[in-house]
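In case you want the letters, here they are:
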Amino acid sequence: MNRWRCRRYRISLVDCAAGRPAGPERQRLERHLAHCPACARNLAALRELPAIFQRSTVADPGEEFWLRQRREISRAVRNLPEPRWAVPLAAWLERLYQRPWRAAFTAAAAALVALTVYRVAEPPPASQHTPRDLAALDSGSLAMLHDFMEALAPDEGESQSHPADEDMLLAALSIHDLVGANALPEVPQAGDLNEEELEVIGNLIGGMG
Amino acid sequence: MDDVGLIRGTLAGRREDFDVLVERYQKLLYGFVYRLIADHAQTDDIVQMTFLQAYTHLGQFAGRASFKTWLHQIALNQVRAARRGQRRHEQVPMEEVTESSLHQAQVAAGAALDGGTGNSGWRPVLESLIADLPLRQRSVVTLRIFSDLPFKDIALAVGITENSAKVNYHHAITRLRQWLREDEV
């Protein structure tokens, strides 16, 4: 008997006694058993002893005992608060974290946090408005957008629409996106804008000239 | 009704459904706990505590294993807690198993292996041999032989891996065989 080699077959012996394994592992085990009487005896014991021990029963304390025990459990249960379905979030998270892929979960959570921080810190993308967006505006919003445009470029004279104005209006709409959703009702004056905003606006208007 | 239906019923407020679960598993749990601690009164207490714990935490029963496995897991935890409280009353170490009790066990097992004689006198001897195993091996053997749990569920109940459950089972059976048939070793 080679004790070190026998140790390798402990699990296979248990599986074999239960009718498994099949295939190459079974063949390896059978080759080992042919030369190892100790493991062969262990396999016989694994097959025979459970049946023998199953015949040894714990002394039955009697029906009266079972009835009394059930009554006591039932009475105690009725004095307890009712159990609830909900699995507490903390317990759920704990179980989740105990899984083998918890490292992957942690990495994914960290990536999600990083992405969220990046998205919050990132300035909103420059809007790509089209004439269709202007057409979708109601007359009130369009009038306010004209006011907004005039406030930004008061020297442009007449605010009547003409083909060139469409580009200005689109620029104004983009600027509105830049300075915030509340900008339209409260038309900002150039003096209300900080230097950075003025620079961006200047680039936008200048770029269209 | 199956266990899952009874659990749902209990969680929906039908406590009588839990009574059915108690009746279904009461004797099995008693046998399991008794084989671990060999004390009738303490077994009674632990079985009752097991069911009360199961009821209290029923909402957290995740269904990863069967309700039967879950109950055994709770019962085993109760046994461990009870043993911590009375560490001095551990099982008799092997060195203290007397020659005469071993001889009695060997004769009994021989009779059992030969088909049995109808004499139930060997049964307590076999029980006492199981009682001499270390707690983990005793738990694994009892869960496997008497509660008929698969090794996957035994691993969950005992808190070890499936392979470790098999190795413990192998050790236990080998040790029992050695105690029964010392002359063959």
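Residues numbered from 1 in each chain as written. Chains lettered and ligands numbered in written order. Predicted model: local features only at pLDDT ≥ 70, side-chain atom pairs only at ≥ 80, totals over all residues. Heavy atoms only, no water.

### Examining unusual backbone geometry
Residues and elements named next belong to chain B.
Next, step 1: Residue alanine 38 is not a glycine yet carries a positive backbone phi of 50°.
Next, step 2: As for its placement among the helices and strands, alanine 38 is situated in the loop between α2 (15-37) and α3 (40-56).
Next, step 3: Of note, the phi angle at aspartate 148 is positive, near 60°, even though the residue is not glycine.
Next, step 4: Residue classification places aspartate 148 among the exposed residues on the basis of a relative accessible area of 58%. (Helix = DSSP H or I, 4+ residues; strand = E, 2+ residues; numbered from the N terminus. Buried < 20%, exposed > 50% of the residue type's maximum accessible area, 1.4 Å probe, protein only.)

### Details of the pattern of salt bridges
Next, step 1: In total, this model carries 12 salt bridges over all chains according to the counting rule given.
Next, step 2: Salt-bridge contacts for A:Arg70 lead to A:Glu63; the nearest nitrogen and oxygen are separated by 3.8 Å.
Next, step 3: Residue classification places A:Glu63 among the partly exposed residues on the basis of a relative accessible area of 45%.
Next, step 4: Note that B:Arg14 is salt-bridged to B:Asp17, the shortest N-O span being 3.2 Å.
Next, step 5: Judged by relative accessible area, B:Arg14 falls into the partly exposed class, the value being 38%.
Next, step 6: The exposure class of B:Asp17 is buried, given its relative accessible area of 9%.
Next, step 7: Because the salt bridges share partners, they merge into one network encompassing A:Asp15, B:Glu162 and B:Lys166. (Salt bridge = Lys/Arg side-chain N within 4 Å of Asp/Glu carboxyl O.)

### Some words on helix α1 (residues 3-11) of chain B
Residues and elements named next belong to chain B.
Next, step 1: With seven of nine residues buried, α1 lies mostly within the body of the structure.
Next, step 2: Within α1, the full set of buried residues consists of Asp3, Gly5, Leu6, Ile7, Gly9, Thr10 and Leu11.
Next, step 3: Tucked into the core, α1 has its buried residues touching α2, α3 and α4 (67-85).
Next, step 4: Looking one or two places after α1, you find glycine 13, whose phi comes out positive at around 105°. (Contact = heavy atoms within 4.5 Å.)

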